[in-house]
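Close look at the chain arrangement
Listed below are the residues making up each chain.
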Amino acid sequence: MIDVNKQGEVWVFAEQHHGKVEDTPLELMSKARELADTLKVKMAAVLLGDNVKELAVKLGHFGADKVYLAEHPLLVHYQAGSYAKIIDGLVHKYKPQIVLYGATPAGRDLAPRIASIIKAGLTADCTDLQIGTHEIKKTGEVYENLLFQIRPAFGGNIIATIINYDRWPQMATVREGVMPMPIADGRRKAEIVVEKVQLTQTDLAIEILSEHVQQKKVNLKASRVIVAGGAGVGSKDNFKLIWDLAHCLGGAPGATRAAVDLGFIDRDHQVGQTGTTVRPSLYVAVGISGAIQHQAGMSGSQKIIAINNDPEAPIFNLAHYKIIGDLNQVVPMMIKSLREKTIKEKN
Amino acid sequence: MVYHCVVLVKQVPDTKRITGQAMNEDGTVNRAALPAIFNPEDLNALEMALQIKDKFGGSVTIMTMGLPVAADVLRQGLFRGADRAILITDRRCAASDTLATSYILSCGVKKLNPDIVLCGRQAIDGDTAQVGPQCAEKLGVPQITYVEQLLKLNSKIIVVKRNLGNGWQEVKAKLPVLLTVIDSANEPRVACAKRLMKCKAAAGTSEIEQQIRAADPTASDEQVKAAAKAKCAQLKQKDLLIEQWDLDMLNADLQWCGRDGSPTKVHRIQSVVLTAKESKSVEPTQSAVDAMIHELIIDHTLG
């Protein structure tokens, strides 16, 4: 671990694969910028790879004041051991106060390995980060300007705020889609700090024999409108209603975990704690009771319409428009209404 | 070539049935107040280890850290085919975060010197997925996370398929190695009736002491200890004793255990209550639905 260092920077691990920075760390840059401004320190991106200098410039556009650039042929593919070794070295050299990672498969593989090497704290899968004050009531000790690491726990039934006041850096992984993507500003320039990298083949414990990347069938995060169906839709055939309404609204079809488990739709469409977190302009929840795990993935939607025949369904606590009724009647009404609007506009 | 596997498992509260009453005032969880289950992905890890034993020979040791009652998941492991069960239990383990937990578990694993360590990817109470990689680091072995399939195993190397959600990788590593296994890896076997009959009496020292105390509340501590020692000796003879280790037996450095060994602390716990700021009821009629759609177009939510 490193000592508490209130002048330390705020860092984001700029995870890249095949020369492209992942969305989640980019999203994280907006929050890191905000935290750094509150703490009046610099925000830096940490970029590892081979021949990735161009990305360093781009990270400046996304709000980084500095980019620590570690390039080496053996860093071309991510793996925990070699990446952890480099980042451990950087943390001890520059003593940042906060280090953030996207909660991507690689981020969740890497961050705990680093935390273990440094013997520092790490909070997984945060959905929010804030700066705040912690007081230990028994002793009256007060710690100011700590990183509040906020995350759902126990299957989403509670929200825990975690802190680390003595064994720094303060580290967290942050869930995909919970922070808004910053708007790139081509005029912003980051100071690029090139780091010397010493690695040998023995630092690579893993050999990647083959790799296959699958494009997701639907991009829920980019959709302005999402029409999501739950178990209440009843069958795969009836899920056609969801597809039709989504089509009429120019949106994407989503689903609860229950609907996915029942085979109504592919897992790529799953919204919620174990699926995608979304924040569309409009979210239409059809036949969804509103389990807390689902709410965690869609409560940031600007407008929510809920259709359910159970007036006690928890989803109604969240809805801006509550329609208590049979989805098999209400959804066709909405489709009819939208089609007529379109026809009127055309005339 | 046979392989010695250690499977790290966790007894977890069934998070689908959690209520606010199950929380202590300091924000930690009162595990005793919750129905406890075998963490689901740890069953997938156990299944993978058992398949390795079935195919190549060797042994499967199942290990957990927890309260004495966690012996229950170890028994379930024995029913399914584990050869040896070890419970790490010690008051000084309380309030361990993932870093302290992985330190304690790694001290346990080091005593066994296995070829392969397996864990579930994550536990359903915390969903952190941190203990696996942290254990691997403390053991000084490579970690392979998100393992879905074992493709090849020979005296020196292992090849597995990782499922990363948006694609997969085939990776190779030298043994020893630590794997974290995901739920799509396999269908965990159910308890074998024969083994269930054989192992249902398996128990750990603390459990036996508790049973003796419950049967005779007037017994002195010495009497309980003596009776427990005799019972443990009997169980051991029948190969039914769940070994119980404390931090002294692990030679663990106490500064890395429990609350002192945990850099992360809880600042606050809140129950989740989400509500909309403004809410309207819409009748399930065509005219009411038309009016709603019209409103959404006017306020630019649509179009």
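Worth saying up front: this structure is predicted, and the values here are computed from it rather than measured. In every chain, residue numbers begin from 1 and rise along the written sequence. Labels follow written order: the first chain is A, the first ligand is 1, and so on. The predicted origin of the model limits local features to residues at a pLDDT of at least 70 and limits the giving and counting of side-chain atom pairs to 80 or more, whereas totals for whole chains, interfaces and linings rest on all residues.

Examining the overall build of chain B
- Per the convention used, a helix needs a DSSP run of H or I reaching at least four residues, while a strand needs a run of E reaching at least two, with both numbered from the N terminus. Secondary structure summary: chain B contains 8 helices and 14 strands in total.
- Across its three principal axes, chain B shows a C-alpha extent of roughly 80 × 55 × 45 Å.
- Taking all 303 residues of chain B together, 47% fall into the buried category. Using C-beta atoms placed from the backbone, we call a residue buried if 20 or more other C-beta atoms fall within 10 Å of its own, exposed if 12 or fewer do, and partly exposed for counts in between.

Considering the sheet that holds strand E5 (residues 84-88) of chain B
- Should DSSP find at least two bridges between two strands, the strands are taken to pair. Across the sheet, which stays open at both edges, the 11 strands sit in the order E13(A)-E9(B)-E8(B)-E7(B)-E10(B)-E6(B)-E1(B)-E4(B)-E5(B)-E12(B)-E11(B) with mixed pairing between neighbours. A strand with exactly one partner marks an edge of an open sheet, and here the two such strands are strand E13 (206-213) of chain A together with strand E11 (203-204) of chain B.
- Two elements, strand E8 (residues 157-163) of chain B and strand E9 (residues 167-174) of chain B, share 7 bridges in a ladder whose sense is antiparallel. If you follow Asn163(B) over to E9(B), its bridge partner there is Trp168(B).

Some points on unusual backbone geometry
- Cis geometry marks the peptide bond from Trp168(A) to Pro169(A), where omega comes out at 5 degrees.
- Checked against the element boundaries, Pro169(A) lands in the loop between strand E10 (158-163) and strand E11 (170-174).
- The omega torsion of the bond from Leu175(B) to Pro176(B) falls at -5 degrees, within 30 degrees of zero and hence cis.
- Among the structural elements, Pro176(B) can be located in the loop between E9 and strand E10 (177-181).
- Unusually for a residue other than glycine, Lys40(A) sits at a positive phi of about 55 degrees.
- Structurally, Lys40(A) can be placed in the loop between helix H1 (23-39) and strand E4 (43-49).

Observations concerning H1(A)
Residues and elements named next belong to chain A.
- A helix is expected to span 1.5 Å for every residue after the first. Over its 17 residues, H1 extends 25 Å from the first C-alpha to the last, a length consistent with the 24 Å expected when each residue adds 1.5 Å.
- Fitting axes to the seven residues that end at a residue and to the seven that start at it, the angle between those axes gives the bend at that residue. Of all the bends in H1, the greatest, near 25 degrees, is centred on Ser30.
- Among the residues making up H1, those that are buried are Thr24, Pro25, Leu26, Glu27, Leu28, Met29, Lys31, Ala32, Leu35 and Ala36.
- The positive-phi residue at the C-terminal boundary of H1 is Lys40, with phi of around 55 degrees.

A closer look at the packing of helix H3 (residues 80-94) of chain A against helix H4 (residues 105-118) of chain A
Residues and elements named next belong to chain A.
- Two numbers describe how H3 lies on H4: the axes approach to 9 Å, and their chain directions differ by 50 degrees. By the angle class used here, H3 and H4 are oblique. Relative to H4, the crossing made by H3 is right-handed. Facing H3, whose interface residues are Ala80, Tyr83, Ala84, Ile87, Asp88 and Val91, H4 presents Asp109, Leu110, Arg113, Ile114, Ile117 and Ile118.
- In this classification, Asp, Glu, Lys and Arg are treated as charged, Ala, Val, Leu, Ile, Met, Phe, Trp, Tyr, Cys and Pro as nonpolar, and every other residue, Gly included, as polar. Split into classes, the residues belonging to the contact of H3 with H4 amount to 9 nonpolar, no polar and 3 charged. The convention used is that axes are lines fitted to C-alpha atoms, helices contributing only their stretch in contact, and that angles between N-to-C directions extend from 0 to 180 degrees. Convention used here: angles under 35 degrees read as roughly parallel, angles over 145 as roughly antiparallel, angles from 65 to 115 as roughly perpendicular, and any remaining angle as oblique. The hand of a helix crossing depends on one turn: near helix anticlockwise from the far one by less than a right angle means left-handed, and clockwise means right-handed. Throughout, a residue-residue contact means that the two C-beta atoms, derived from backbone geometry, are no farther apart than 7 Å.

Concerning the environment of Cys126(A)
Residue and element names in this part refer to chain A.
- Among the structural elements, Cys126 can be located in strand E7 (residues 123-126).
- Given 25 C-beta atoms within 10 Å, Cys126 falls into the buried group.
- Through-space distance from the C-alpha of Cys126 to that of Pro96 is 19 Å; in sequence the pair is 30 residues apart.
- With sequence-adjacent residues up to four places away left out, Cys126 is seen in contact with Gln149, Ile150, Arg151, Ala172, Thr173, Val174 and Arg175.

Brief notes about the nonpolar core
- Counting 143 residues, the largest nonpolar core has Leu47(A), Val7(B), Ile104(B) and Leu118(B) as its most contacted members.
- If we ignore the near neighbours within four places in the chain, the residues touching Leu118(B) are Cys5(B), Val7(B), Ala45(B), Met48(B), Ala49(B), Leu179(B) and Val181(B).
- Counting residues in hydrophobic clusters, the runner-up holds 51 residues, among them Val227(A), Phe316(A), Leu318(A) and Leu296(B). In these notes, a nonpolar core means any group of buried Ala, Val, Leu, Ile, Met, Phe, Trp, Tyr and Cys residues linked to one another through C-beta atoms within 7 Å.

Digging into the interface of chain B and chain A
- Facing the 60 residues of chain B at the interface are 69 residues of chain A.
- Of all the secondary-structure elements, those providing two or more residues to the side of chain B that touches chain A are helix H3 (98-110), helix H4 (131-139), strand E7 (143-153), E9, strand E13 (265-271), strand E14 (280-281) and helix H8 (286-298) of chain B.
- Two strands pair when backbone bridges link them, and E10(A) and E13(B) are joined in this way by 6 bridges, in the antiparallel orientation. The partner of Ile163(A) across the bridge, within E13(B), is Lys265(B).

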